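# Structure assessment
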Amino acid sequence: MEYIKPPILFALLTLAAILVFLARYALALSDGASLSVETAPGLRFAGTRYPMERKDRLPVLLITLVYALTAFFQLGDRQAPQGVYDFASGESVTIQIVGSPVYTTSIRYFSGLGTGSYNIEVSSDGESWSTLWQRKEDPNDKDKVTGYYFANADGYSPSYALTQNYNQLYKWIDIEVENPQNVQYLRITGKADKENLQLTRLCLLGQTGKVIPFNWGMADGSPLPEGLDRVFSADNIPEKSTWHNSTYFDEIYHARTAKEHIDGIYPYEVTHPPMGKLILGLGIRLFGMTPFGWRFMGTLLGVLMLPMLYVFLKNMFGKTVVAACGTILFATDFMHLTQTRIATIDTYAVFFILGMYFFMYRYLTLPQRASFRKGALPLFLSGLMWGLGAAGKWTVFYAGIGLAAVYFIGLYQRLRDWPVEEEPERGARNVWLVQTLLFSVLCFVILPFAIYCAAYIPYAQALEVELFAPSNQSGFSLLFQNVLGKLTFRGEGSFNAQYIPQDNLLNIVAGNQWYMFNYHNGVTQSHPYSSWWFQWIVNARPILYYMDNDVPGVTTRFAAFANPVLCWTGLVAILISATHSFRCKWAKGTFLGGLGVTSALLIYKIQQTPNGVFDPELAPEVLAQNGLILAFCLLLYLGLCAVLLRHFSGSYDSRAAFLLVGYLAQLAPWMLVGRTTFEYHYFPSLLFLVFAVCYLFHGLAEWDLTGLSVGLYALFYPVLTGLTIPTWYEPLVKWIESWPF
């Protein structure tokens with residue numbers, strides 16, 4: 001009993017509740033209960049959409065409003081330093097403090113755009129100057145800064161000890177000096193890496209650690225340079241740097257890039273297409289370059305996912321209770337909350353993935369003989385969502401594969417069921433087919449390509465390049481040659497790619513695709529919170545975004561991972577959906593068995609890398625032990641599939657096939673990816689877990705499972721949003737040793 005601790009009990013109780021739900025579903029299925037899934041004869045989408053009703057208005061409104069309150073609660077500070085002074089010219093700025101000298105023990109600063117460093121000099125009399133220096137005395141890392149001190153710099157080059165690195169932008173940084181100084185004069189000289197080096201705020205701290213306000217003027221009595229007047233202001237200075245007032249995790253890239261687009265500067269982060277950062281920038285335009293501003297749009301779209309999802313679920317399953325419970329499941333999912341509150345681009349990808357499948361489903365479920373005109377709008381909106389999503393993140397292309405699959409399945413069904421006994425019917429079918437195919441090319445090829453290229457206009461403007469300037473070389477032709485050449489390159493050394501000129505919009509687009517292709521192929525370095533796809537599906541390795549343990553007895557931290565109710569129930573629900581996606585039992589078994597064996601082989605292959613569990617450098621007995629564990633897991637999976645085929649397999653249904661295709665389109669590509677990956681890459685797949693769980697809801701247990709999800713949401717809310725908790729709370733949320741709480 002010494003090993004049975006509260007965290008284990010929470011996990012076991014959650015699994016028990018999920019098993020009870022699945023058992024009740026199996027009994028209902030065997031007894032022929034009326035399920036929310038009313039299967040149609042044959043695999044058919046047409047005519048299976050259920051409409052929204054008046055009684056749906058209240059639940060969708062309440063769910064959205066309640067979630068919005070939890071999502072926007074303490075999203076981030078609404079005030080941050082806005083004025084900047086650019087030190088990129090390299091000229092020194094010397095100020096004189098009016099009145100008594102300021103006894104300075106620390107420096108706190110907040111930077112704007114641009115990277116580089118500053119040479120900080122102080123004096124008590126304007127004649128003898130001391131320069132800020134870095135101390136580097138770590139025997140294991142000669143570049144690690146272990147302290148800061150002031151010393152006379154006569155005879156030495158400027159130290160440029162105050163850094164403004166890419167991971168320090170829009171973040172409060174404290175520098176504590178070993179030998180405090182009386183500061184009457186302060187001189188700052190910048191050294192920019194490129195064209196910008198913006199300093200937003202610099203403050204002097206006293207012995208108590210508090211900011212010391214002071215009046216000042218230029219040391220030579222000259223007028224204040226434009227923008228410098230607010231740099232030394234003591235207004236809106238936080239007591240410490242936290243996620244409330246500073247960037248964290250990948251916000252250091254995406255929030256910065258959004259501001260660069262607004263200011264017409266060529267962006268630092270070009271590893272993803274620009275659309276996500278352009279949308280992120282709308283919040284900055286509304287609320288300024290503040291934490292609330294750069295997080296606003298992601299949180300808003302996270303809220304707006306809910307009404308769209310509700311309508312989607314109601315259209316698919318026809319029951320208000322199922323739509324409400326499914327929407328609550330997603331609203332109370334941990335990753336949905338945490339990931340939409342951070343200023344990164346994954347939220348926009350998921351929003352557009354949801355939108356493109358939603359409108360595609362509305363198209364597929366039109367009546368069998370619906371005219372081309374009736375299908376044009378949902379097709380167009382689906383293509384629009386696909387284009388906007390793909391222009392923000394490449395993972396949306398994975399969703400595009402699934403979208404194309406269900407589109408062609410639906411097209412085949414319509415052609416199969418179209419009555420063609422008479423010649424006029426065959427003619428009408430052919431006309432409809434030609435119109436639909438041509439319009440689909442417009443919606444899913446031409447329109448997305450135009451959106452994708454248009455998203456790069458800020459790049460061209462920053463480079464002062466004419467959008468449609470003639471070029472002697474085709475960027476996309478060179479891109480094709482480079483990609484094909486690298487994929488087929490077998491020589492020694494590195495592949496020598498052709499340079500793509502950046503002389504018009506299309507060439508800029510092509511050049512960035514080549515850069516992204518190489519970048520993502522090269523992201524292989526280890527990370528303490530990286531994880532593989534087979535860890536995502538069981539919630540084994542969350543990614544920790546923030547941690548602050550400075551105050552004894554309390555902690556502040558939050559991570560991205562799925563609600564166990566959705567993650568664990570959804571995984572089984574996906575497998576059950578697979579049994580409903582095929583007609584014959586042998587096909588069901590072949591698919592499930594092939595999926596398990598293929599997954600096991602892929603796990604074995606990717607874990608043969610250094611530090612993997614099948615690293616050839618490991619001892620033979622360790623390799624044998626790990627092989628037995630993998631084989632046991634495969635046998636356990638196959639046993640589960642046998643149970644599902646015996647007790648959960650029912651009529652095959654287009655809705656099950658739809659959500660299965662959507663899920664696998666998002667997950668399967670990651671099985672083949674060798675780059676470093678993280679739990680948040682599973683975010684789009686969670687959408688389809690919601691649909692899979694709703695597929696099982698049948699009026700007996702949906703509120704039980706949904707209530708459990710809400711309870712866990714409340715329990716974990718502090719470690720999803722960064723609320724400070726006492727350390728005794730940690731065991732309540734650290735159910736698994738690999739969870740970072």
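Summary of the structure given here. As the structure is a computational prediction, the values presented were derived from the model and not from experiment. Throughout, a residue's number is its position along its own chain's written sequence, starting from 1. Per-residue local features are limited, in this predicted model, to residues with pLDDT of at least 70; the limit for side-chain atom pairs, both in listing and counting, is 80 or more; totals at the level of whole chains, interfaces and linings are taken over all residues. The basis for the side-chain values is all heavy atoms of the structure; hydrogens and waters are excluded.

### Quick word on the sheet that holds strand 12 (residues 543-548)
Sheet strands pair via backbone hydrogen bonds, and the direction of the pair is either parallel or antiparallel. Any two strands between which DSSP finds at least two bridges are classified as paired. Helix numbering and strand numbering both begin at the N terminus, where a helix is a DSSP run of H or I of at least 4 residues and a strand a DSSP run of E of at least 2. Taken together, the 3 strands give an open sheet; going across it, the order is 12-13-14, and neighbouring strands pair in antiparallel fashion. Among the strands making up the open sheet, the edge pair consists of strand 12 and strand 14 (725-726). When strand 12 meets strand 13 (residues 554-560), the two strands line up antiparallel, connected through 5 bridges. By the bridge assignment for strand 13, Asp548 is matched with Thr556. Working rule for contacts: check all heavy atoms of both residues, and any pair within 4.5 Å makes them a contact. Helix axes use the C-alpha atoms of the stretch in contact, all axes being lines fitted to C-alpha atoms, and the angles between their N-to-C directions lie in the range 0 to 180 degrees. Across the face of the sheet, helix 7 (residues 334-341) comes into contact with strand 12 and strand 13 while running at roughly 100 degrees to strand 13.

### With respect to the pattern of salt bridges
Any Lys or Arg side-chain nitrogen located within 4 Å of an Asp or Glu carboxyl oxygen qualifies as a salt bridge. In total, this model carries 18 salt bridges according to the counting rule given. For Arg24, the salt bridge is made with Asp704, and the minimal N-O distance between the two is 2.9 Å. Taken together, the residues span a long stretch of sequence, with Arg24 in helix 1 (residues 6-30) and Asp704 in helix 21 (residues 702-716) at a distance of 680 residues. One salt-bridge network, in which partners are shared between bridges, spans Glu53, Asp56 and Lys314.

### A look at the nonpolar core
What we call a nonpolar core is a set of buried Ala, Val, Leu, Ile, Met, Phe, Trp, Tyr and Cys residues that are connected through their side-chain atoms within 4.5 Å. Exposure is judged per residue with a 1.4 Å probe applied to protein chains only, and the accessible area is read against the type maximum: over 50% gives exposed, under 20% gives buried, and values in between give partly exposed. Core analysis: the largest hydrophobic core is formed by 184 residues, its most contacted members being Tyr357 and Phe716. Non-local contacts of Phe716, meaning those with residues more than four positions away in its chain, are made with Phe334, Phe561, Val733, Trp735 and Trp739. In terms of nonpolar packing, the next biggest core, distinct from the first, is built from 32 residues, Tyr85, Ile97, Val102 and Leu202 among them.

### Overview of the environment of Ile188
Within the secondary structure, Ile188 is located in strand 9 (residues 185-192). For the pair Ile188 and Gly383, spaced 195 residues apart in the sequence, the C-alpha separation amounts to 53 Å. Once residues lying within four places of it in the same chain are set aside, the contact partners of Ile188 are Phe87, Glu91, Ser92, Val93, Tyr118, Asn119, Ile120, Leu199, Leu202 and Phe232.

### Regarding the packing of aromatic side chains
In this scheme Phe, Tyr and Trp rings, the latter by its six-membered ring, pair at centre separations within 6.5 Å, and the angle between planes marks the pair as stacked below 30 degrees, edge-to-face above 60, and tilted otherwise. Overall, the coordinates contain 64 aromatic pairs when judged by the stated rule. Centroid distance Tyr407 to Phe444: 6.2 Å. Interplanar angle 50 degrees. Geometry classified as tilted. Of this pair, Tyr407 sits in helix 10 (residues 395-417) while Phe444 sits in helix 11 (residues 423-454); the two residues are 37 residues apart in sequence, bridging distant segments of the chain. Here Phe688 and Phe691 contribute two aromatic rings whose centre-to-centre distance is 6.4 Å and whose plane-to-plane angle is 35 degrees, an arrangement assigned as tilted. You can see Phe688 and its partner Phe691 sitting in helix 20 (residues 683-696), 3 residues apart, about one turn around the helix.

### Topic: helix 5 (residues 291-317)
The span expected for a helix works out to 1.5 Å for each residue beyond the first. The end-to-end C-alpha separation of helix 5 is 39 Å, in line with the 39 Å expected for 27 residues at 1.5 Å each. With 23 of 27 residues buried, helix 5 lies mostly within the body of the structure. Of the residues one or two after helix 5, Gly318 is the one with positive phi, at around 80 degrees.

### With respect to the pairing of strand 10 (residues 198-205)
Burial analysis of strand 10 places 8 of its 8 residues in the buried class, the great majority of the element. The pairing of strand 1 (residues 85-86) with strand 10 spans 2 bridges and is antiparallel. Across the sheet, the residue bridging to Asp86 is Gln198, located in strand 10. Alignment of strand 3 (residues 102-111) against strand 10, held across 6 bridges, turns out to be antiparallel. Looking at strand 10, one finds that Ser111 is bridged to Leu199.

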